[in-house]
Amino acid sequence: MSSAVLTYSPGAIRISAATQEAAWVRWGLIALALGWLALFLFVPLAAIFTEAFRKGLEVYWASLVDPDALSAIKLTLIAALIAVPTNLVFGIAASWAIAKFDFRGKQILLTLIDLPFAVSPVIAGLIYVLLFGAQGWFGQWLSDHDVKIIFAVPGIVLATIFVTVPFIARELIPLMQAQGTEEEEAAVTMGASGWQTLWRVTLPNVKWGLLYGVILCNARAMGEFGAVSVVSGHIRGLTNTLPLHVEILYNEYKFSAAFAAASLLAGLALVTLALKSFIEWKTGAELRASNEENSHEH
Amino acid sequence: MAIARTWKSHSVLPGFGLALGFTILYLSLIVLIPLSATFIKSAELSLGEFWAVVTAPRALASYRLSFGAAAIGALLNAGFGLLTAWILVRYTFPGKRLVDAFVDLPFALPTAVAGIALTAVYAPNGWLGQWLEPLGIKVAFTPLGVVVALTFIGLPFVVRTVQPVLEDLEAEIEEAAACLGANRWQTFARVLLPALWPALITGFALAFARAVGEYGSVVFIAGNMPMISEISPLLIITKLEQHEYAGATAIAVVMLVASFALLLVINSLQWWVSHRHGRKQ
Amino acid sequence: MLRNLLLATLLIPPLAYADGGKPILNVSYDVTREFFKEYNPKFVNYWQQKSGQTITINQSHGGSSKQARAVADGLEADVITMNQPGDIDILYQRGKLLPKDWQKRLPHASSPFTSTTVFLVRKGNPKKIKDWDDLAKPGVSVVIPNPKTSGNGKYSYLAAWGYAEKKYGGGDKARDFVTKLFRNVPVLDTGGRGATTTFVQRGIGDALLTFENEVQLIKNELGGSDFEVVYPSVSVLVEAPVAVVDKYADKHGTRATAQAYLEYLYSDEGQELAAKHYYRPRNEKVFAKYAAERFPDIALFSVDEVFGGWDKAQKIHFDNGGTFDQIYTK
């Protein structure tokens, strides 16, 4: 059982003197790494909140309850509320097909799922303009039937879905592969239907990974800027998401308000990190528990 | 439980057709058909015109910057990411769990927010920028600013690929090396590093792939000067704003092909690593 | 599933929608934000008294070419308010969204007010920037928005060109001058507002070239004592045209409102408000009232006079491979 997956256990390491560095090396390395992280993570994060509160709580509060800010928050939530469940369904279907079955072209399919992760968000926006813009392939048809996609909510939702396609699927596939197929096969042999198997056996096994994927997907969906910026049209109160609202305020010299809106998004990021740590701690605990059980059995 | 499963083409599990069918349909509708639009649109250009657009001096300068800065950022991340993973796995210090959690911040923080935050910090009158300015170091609005943004974006990748491998490494090997008279540095260079290479390269490639297409955080901190500090995604936007759709999509096609190639490399790399790993067990 | 979700989003009503009249969307360029923020409520008020309808006016701002592109791509603006006619001509050329002779539909070639390009320098004018020549000197750094994506940048470029043509003669000499000037530009933001942020907030550049109204706004609202306004000996006449986008206004049934919205710009109230925001009003009485206090008398040339119209200027200077590209890629 030496190959137990210890990915989540922090610091559970057997260190003996012969493989330990001198104290000054240790602390030097720690200081260097923390300095690096400070330059790129902590100082920028502190800057967001400091700038947001620079003009006091009142200005901060006023910039958040501004009607344009509220409608931006609303639109951001709508986009995430549609994009995340859609990609959740996709993620489960894709991981079921990829993790539980063997077929040719799997590697290509995986790469295609990853594609939105590596495609520039700008291109993600561009493609929908090419398709649904007034000059685009379906532009005439959409205009004749009075359906608005680009520069309206559906375009923003589509762009958000595009950039978040891989997140849940990529989280589930390795997990479900690691789980194997024995449990599902047993369930099916005992007469469970496919849906029952998925619902009662597979999903409970990967519930934390699933939640993890959902959280990451949600963070990205609410924070997307480049793709949404191309298809938004920037109409205040109508097609501005929160990240776009940040940019608009920034361009109107309302730096405190811009950072106030940014601090909301940063807060969302911090909540995401907290949830993520919680899930890791939870899965770590469960893994350790099941490992112990296993070693008792043997 | 090691991966002792035998793959079989025939399975008793149901739903393969439905799951795969839905996956492919969804990918086609959301990703593939829209992406194919770029190829078709750029086909409006003749081959000569296409070539002229994608090799124009300004386009070449933008690739140099996008790919160059992404590579520098990913290299920095490879070095410091390894270091960060090392201190997180091997040492204990106060606040370690917090630091561990914060490494993922660039995943979770919206890129536009990262952009204005980094600009506030690194602008000539910013928190750190004001100290760098007298030293003659300009970060914001120069290519260096692009490197800073792309480094931020790629920060978690190397840490998160190296960390689990480092945790799995057997202490016995290091002890053996020490017994044979190797000092710490030799042990690290000769024993540990070779084991970490695949994870390092994967992390590097992921950080690189993510950074090449990045837009939101870069536009705020880069000067956006043609030929100097203009990244390829911005050039696409600029072309779009000048109503040059075919030109914009031609640059997009170049970037798409590059991204796809990169992903294939990464996925093959991961496949290769897991296979090598599997054989050892 | 996806289809249902998409349909569901289509059915979500617009987020801001007032009772009564239909909302209109004004798509505008970057630095009119403050003006329309004040103008819109005034017009809503006026329109309610006149027609009894309460309407909502939605605003979208950005670099002018980008905004025009968005409208051509289907951003359904009822009115478009730009800073040069080229960006409205596009709407005729791509999709016939309005008639070719749209400029004839309102007085003064459809531009209710004008402006010009001037300089903003740092306190005390340390680089002694007095006129265009000073901008082209080595060691001076000048912030200008991108002429390819913003009308603001186009005007700055043409103003410099026009000055050089008058002083040194046309052709290569003007081109050399403009080349030298643009060598001094460290940042090209996509819109006028981005350029302002770069100059003011980020402390980059010795001079900012932008519209008079933007310069005055910066001076008044963002630490007036930190900056000084410099009027060059000669500059370009900025004519900011407006138009109803016929196709969309008719589709939305908002033509009457849209038309009134633009005509109100020419009213005394509209012109007064323009002057308040440092746009030069067309109404001579209003202009005279504020001229001494707000609008220094400098020599202005129009794009028609020096460049033979926007069509020509666009083709020669700003189209792909045009003079600007040649200057930049050298």
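Note that the coordinates shown come from a computational prediction; the quantities given were computed from them, not determined experimentally.

Procedures and definitions
Residue positions are given per chain, counted from 1 along the sequence in the order it is written. Here every chain gets a letter starting at A, and every ligand a number starting at 1, in the order they are written. Under the rules for a predicted model, residues below a pLDDT of 70 receive no local features and side-chain atom pairs below 80 are neither given nor counted, while totals for whole chains, interfaces and linings still include all residues. Only hydrogens and water are removed before side-chain values are computed, so all heavy atoms of the structure are retained for them. Only protein chains enter the accessibility calculation, which uses a 1.4 Å probe; a residue whose area is less than 20% of its type maximum is buried, one above 50% is exposed, and one in between is partly exposed. To qualify as a helix, a DSSP run of H or I must reach at least 4 residues; to qualify as a strand, a run of E must reach at least 2; elements of each kind are numbered from the N terminus. A fitted line through C-alpha atoms represents every axis, and for helices the fit uses only the stretch in contact; the resulting angles, taken between N-to-C directions, go from 0 to 180 degrees. Comment on the angle field: the value is read as roughly parallel under 35 degrees, roughly antiparallel over 145, roughly perpendicular from 65 to 115, and oblique elsewhere. Here is the rule for handedness: rotate from the far helix to the near one, and if that takes an anticlockwise turn smaller than a right angle the crossing is left-handed, while a clockwise turn gives right-handed. Note on definitions: a residue-residue contact is assigned when non-hydrogen atoms from the two residues lie within 4.5 Å. Each residue receives one of three labels: charged for Asp, Glu, Lys and Arg, nonpolar for Ala, Val, Leu, Ile, Met, Phe, Trp, Tyr, Cys and Pro, and polar for the others, Gly being one of them. Two strands pair under a simple rule: DSSP has to find at least two bridges between them. Accessible area that two parts lose when put together, with a 1.4 Å probe and added across both, is what the buried area reports. Should a side-chain nitrogen of Lys or Arg be within 4 Å of a carboxyl oxygen of Asp or Glu, the pair is scored as a salt bridge. Throughout this description, a polar contact denotes any pair of N or O atoms lying within 3.5 Å of each other; where both atoms belong to protein, one of them has to be capable of donating a hydrogen while the other can accept it, and for residues adjacent in sequence the pair is counted only when both atoms sit in side chains. Boundaries between domains were set according to an automatic or database domain assignment. The residues that make up patches have over 30% relative accessible area and no salt bridge, and they are joined within 9 Å when like-charged or within 5 Å when they are Val, Leu, Ile, Met, Phe, Trp or Tyr. Computed with a 1.4 Å probe, the accessible areas rest on the Shrake-Rupley method; for each residue, only the protein chains presented here act as cover.

1. Points about unusual backbone geometry
Residue and element names in this part refer to chain C.
- At H108, a position not held by glycine, the phi torsion is positive, near 55°.
- With a relative accessible area of 43%, H108 lands in the partly exposed category.
- One non-glycine residue with positive phi stands out, namely A109, at about 50°.
- Counting through the fold element by element, A109 comes out in helix α5 (residues 107-110).

2. Quick look at the packing of helix α4 (residues 106-118) of chain A against helix α1 (residues 16-42) of chain B
- At a minimum axis separation of 11 Å, α4 of chain A and α1 of chain B run at an interaxial angle of 45°. As summarised for this structure, α4 of chain A and α1 of chain B are arranged oblique, according to the angle between their axes. Note that α4 of chain A runs across α1 of chain B; the crossing there is left-handed. Here α4 of chain A contributes L109, L112, I113, L115 and P116 of chain A to the contact with α1 of chain B, which in turn contributes L20, T23, I24, L27, V31, L32 and L35 of chain B.
- Classifying every residue of the contact of α4 of chain A with α1 of chain B by side-chain character gives 11 nonpolar, 1 polar and no charged.

3. Overview of the sheet that holds strand β3 (residues 79-81) of chain C
Residue and element names in this part refer to chain C.
- Overall, mixed pairing links the 4 strands, which are arranged β2-β1-β3-β9 in an open sheet. Every other strand in the sheet has two partners, leaving β2 (57-60) and β9 (242-244) as the edge strands with one partner each. Going across the sheet, the axis of each strand differs from the next one's by a mean of 20°, ignoring polarity.
- With 3 bridges joining them, β3 and β9 adopt antiparallel strand pairing. Residue pairing in the sheet places T81 in a bridge with V242 of β9.

4. Structural notes on the environment of I24 of chain C
Residue and element names in this part refer to chain C.
- Of note, I24 is situated in strand β1 (residues 24-28).
- With 164 residues separating them in the primary sequence, I24 and L188 have C-alpha atoms 32 Å apart.
- Contacts of I24, omitting those with residues within four sequence positions, involve T56, I57, N58, D78, T254, T257, A258 and Y261.

5. Details of the pairing of strand β8 (residues 234-240) of chain C
Residue and element names in this part refer to chain C.
- Across the 7 residues that make up β8, a large majority, 6, are buried.
- Where strand β4 (residues 113-122) meets β8, 4 bridges bridge the pair, whose relative direction is antiparallel. Within β8, the position partnered with F113 by the bridge is A240.
- The pairing of β8 with strand β11 (residues 299-301) spans 3 bridges and is classified as parallel. Bridge pairing in β11 links V234 to A299.

6. Details of the interface of chain B and chain A
- The partner chain A presents 112 residues to the 108 residues of chain B that form the contact.
- Of the roughly 9800 Å² buried where chain B meets chain A, counting both sides, 77% is carbon and sulfur surface.
- Inspection of the region where chain B meets chain A yields 1 salt bridge.
- In this structure, D104 of chain B engages K276 of chain A in a salt bridge whose closest nitrogen and oxygen atoms are separated by 2.3 Å.
- For the interface between chain B and chain A, the tally reads 11 residue pairs in polar contact (both at pLDDT 80 or more).
- Per-element tally for the side of chain B that touches chain A: the top contributor is α1 of chain B, with 18 residues.

7. Observations concerning the packing of helix α1 (residues 23-52) of chain A against helix α3 (residues 57-90) of chain B
- One can describe the packing of α1 of chain A onto α3 of chain B by two numbers: an axis separation of 9 Å at closest approach and a directional angle of 125°. Viewed along their axes, α1 of chain A and α3 of chain B adopt a mutual orientation that is oblique. For the pair α1 of chain A and α3 of chain B, the crossing hand works out as left-handed. Contact residues: L29, I30, L32, A33, W36 and L37 of chain A in α1 of chain A; L76, N77, F80, L83, T84, W86 and I87 of chain B in α3 of chain B.
- When its residues are assigned to classes, the contact of α1 of chain A with α3 of chain B shows 11 nonpolar, 2 polar and no charged.

8. Details of the domain arrangement of chain B
All names here are of chain B.
- Each assigned domain of chain B is listed here: domain 1 (14-43) and domain 2 (46-280).
- The distance between the C-alpha centroids of domain 1 and domain 2 comes to 28 Å.
- Every contact between the two is made by 5 residues of domain 1 and, on the other side, 8 residues of domain 2.
- Around 580 Å² of area is buried between domain 1 and domain 2 when both sides are counted, 82% of it from carbon and sulfur atoms.
- Of all residues in domain 1, F39, K41 and S42 bury the most surface against domain 2, accounting for 68% of the area lost on that side.
- There are 0 salt bridges connecting domain 1 and domain 2.
- Run the count over domain 1 and domain 2 and you get 0 residue pairs in polar contact (both at pLDDT 80 or more).
- Tallied by class, residues from the side of domain 1 that touches domain 2 come to 2 nonpolar, 2 polar and 1 charged.

9. Focus: a nonpolar patch on the surface
- Taken together, W137, F138 and W141 of chain A together with F39, I40 and V257 of chain B make up a surface patch of nonpolar side chains, about 630 Å² in accessible area.
- Mapped onto the elements, F39 of chain B comes out in helix α1.

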